[in-house]
Amino acid sequence: MTDAERRRVPALAGTSHAVFLSHDPFPAGSRASERPLVAARFFTTEGELPACGHGTVAALALLAAHAGRGEQQVEIRVSGRVIKGRTIRGSSASSVDVVFEAGPIDLREPTPHELALLLPALGLPVANAPGARVATLGRPRLLLPVSTRSALAALSPAPDRLAAACDRLDLLGCFAHSPGRDTGRVAARMFAPSIGVPEDIANVNSSACLAAHLRARHGTPRIDVDMGDALGCPSSVIAAVRGGSQEPLVDITGAARIGQVLHFSG
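Conventions adopted
- Residues numbered from 1 in each chain as written.
- Predicted model: local features only at pLDDT ≥ 70, side-chain atom pairs only at ≥ 80, totals over all residues.
- Heavy atoms only, no water.
- Disulfide = S-S within 2.5 Å.
- Axes fitted to C-alpha atoms, helices over the stretch in contact; angles between N-to-C directions.
- Helix = DSSP H or I, 4+ residues; strand = E, 2+ residues; numbered from the N terminus.
- Parallel < 35°, antiparallel > 145°, perpendicular 65-115°, else oblique.
- Left-handed = near helix turned anticlockwise from the far one by under 90°.
- Contact = heavy atoms within 4.5 Å.
- 1 Å grid on protein atoms, 1.4 Å probe; cavity = no way out; pocket = protein on both sides within 12 Å on 5 of 7 lines; lining within 4 Å.
- Points joined across faces, edges and corners; volume = space filled by probe spheres on them.
- Nonpolar A, V, L, I, M, F, W, Y, C, P; charged D, E, K, R; others polar.

1. Some thoughts on the state of the cysteines
Working step 1: Taken as a whole, this structure holds zero disulfides when the rule is applied.
Working step 2: C174 carries a free sulfur, and the closest cysteine sulfur to it, the one in C166, is 4.7 Å from it.

Structural data, given as structure tokens:
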């Protein structure tokens, strides 16, 4: 498939993203005796992404389902990095639980210029945003705390304006969240119109970024992130942090349900 054809698949399938899997028989630096890896590429209608957390969950779950065994180790190559996952068959035949380690996460303070462009596009006043961070895992995105779940639910971004701001700042999007400082449970919404996703049902990489941030700021060891309520498709992602605040390691836990089989003809 061409990349242009890959960009058409999410719209045809009625999904926000699509992950494409192919055998990588001779990855760079491998030995002939090593088993081949499966390479993964992620696309939205706007183009390719260097990483996609919930696409990774889906890819690992699909490979595990095809293997047809119980608990197992599954590996895929994403942007030159090998991701090792542990998969367990869920409560139903079509459900697979997946655990994998997110990649390196970089956190920094947003600049006043970034906030001045992004906050109005989210329908928020230009003001100091304590606790906001720009987090990079694959691509940078804004982590933005919102005071309450009701305030989070009331957010109504201007998609075109937000897309233009993210394009100008080279950001993936904005991950607004109502922090779960005491309980570890967080409600969140991810807006990424710049990549063709006005709002995401689930965003695993942003959840991992938020877990690293809350561990560094509050010492929170684990968060459960609830998303998708505004779209009528509730989801939940678990992100648990290991290691120190300088180089946190985030383990992601999610579940995927293997759905219908789609056939595309050229």
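2. Some thoughts on the packing of helix α3 (residues 112-121) against helix α5 (residues 159-169)
Working step 1: Here α3 crosses α5 at 160°, and the two axes come no closer than 8 Å. If you check the angle between α3 and α5, you find them roughly antiparallel. Note that α3 runs across α5; the crossing there is left-handed. Residues H113, E114, L117, L118, P120 and A121 of α3 form the contact with α5, whose own contacting residues are R161, L162, A165, C166, R168 and L169.

3. Remarks on empty space enclosed by the protein
Working step 1: A complete count under the given rule lists one cavity of 30 Å³ or more for this structure.
Working step 2: The space that makes up the largest cavity amounts to roughly 140 Å³.
Working step 3: Considering the residues around the largest cavity, the lining is formed by 19 residues, among which L49, A51, C52, L172 and N203 are closest to the centre.
Working step 4: Contributing elements (two or more residues each) for the lining of the largest cavity: α2 (53-67), β9 (139-145), β12 (197-200) and α6 (204-218).
Working step 5: Residue composition of the lining of the largest cavity, grouped by class: ten nonpolar, six polar and three charged.

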